[in-house]
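Notes for the structure review
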Amino acid sequence: MTSERKTVMVSVRLPASLAARADFVARNTDGDIKSRSAALQAALEAWLPEQETKLEKLGVIPKKAR
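With that out of the way, let us pick up the pattern of salt bridges. A complete count under the given rule lists 2 salt bridges for this structure. Between Arg36 and Asp23 there is a salt bridge, with the nearest N and O atoms lying 2.9 Å from each other. Highlighted residues: Arg36 in helix 2 (residues 36-57) and Asp23 in helix 1 (residues 16-28), separated in sequence by 13 residues. Take Arg36: its relative accessible area is 39%, and that puts it in the partly exposed class. When the shortest N-O distance is used, the salt bridge between Lys54 and Glu50 registers 3.7 Å. In this pair, Lys54 and Glu50 both sit in helix 2, 4 residues apart, roughly one turn of the helix.

Okay, structure coming up:
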């Protein structure tokens, strides 16, 4: 039996213009990004490492959920 990967769903409110931009990227990008959710996930994954590094420099050790 394979192990299931548990995920947490987060519901957010976004400005309509940001949602439209994410839709545009998802429709017009070749590769793994096929939906608005995938586009937003990729953006967060690109943004988070720098923010975590900033916190670590301030002495705050973030919990990394992986």
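Looking now at the packing of helix 1 against helix 2. Packing of helix 1 against helix 2 leaves a shortest axis separation of 8 Å and a crossing angle of 100 degrees. Here helix 1 is positioned roughly perpendicular relative to helix 2, judged by the angle of their axes. Only Arg36, Ala39 and Leu40 of helix 2 make contact with helix 1, whose side of the interface consists of Ala19, Ala22, Asp23 and Ala26. Per-class residue counts for the contact of helix 1 with helix 2 are 5 nonpolar, no polar and 2 charged.

Looking now at helix 1. Taking 1.5 Å per residue as the helical rise, helix 1 with its 13 residues ought to reach 18 Å, and the 18 Å between its terminal C-alpha atoms agrees with that figure. Of all the residues in helix 1, the buried ones are Ala19, Ala22 and Ala26. Across the axial projection of helix 1, the buried residues extend over an arc of 60 degrees, all falling on one side. In this structure, helix 1 carries Ala16, Ser17, Arg21, Phe24 and Arg27 as exposed residues pointing more than 90 degrees from its buried face. Those residues of helix 1 that are buried are in contact with helix 2.

Within the secondary structure, Thr29 is located in the loop between helix 1 and helix 2. Given the relative accessible area of 30%, Thr29 is considered partly exposed. It is 9.6 Å that separates the C-alpha atoms of Thr29 and Ala39, two residues lying 10 residues apart in sequence. Within the local environment of Thr29, its side chain forms a polar contact with the backbone oxygen of Val25, the two atoms lying 2.6 Å apart.

Cut-offs and rules
- Residues numbered from 1 in each chain as written.
- Predicted model: local features only at pLDDT ≥ 70, side-chain atom pairs only at ≥ 80, totals over all residues.
- Heavy atoms only, no water.
- Salt bridge = Lys/Arg side-chain N within 4 Å of Asp/Glu carboxyl O.
- Helix = DSSP H or I, 4+ residues; strand = E, 2+ residues; numbered from the N terminus.
- Buried < 20%, exposed > 50% of the residue type's maximum accessible area, 1.4 Å probe, protein only.
- Axes fitted to C-alpha atoms, helices over the stretch in contact; angles between N-to-C directions.
- Parallel < 35°, antiparallel > 145°, perpendicular 65-115°, else oblique.
- Contact = heavy atoms within 4.5 Å.
- Nonpolar A, V, L, I, M, F, W, Y, C, P; charged D, E, K, R; others polar.
- Expected span 1.5 Å × (residues − 1).
- Arc of directions from axis to C-beta.
- Polar contact = N/O pair within 3.5 Å; in protein donor to acceptor, adjacent residues only side chain to side chain.

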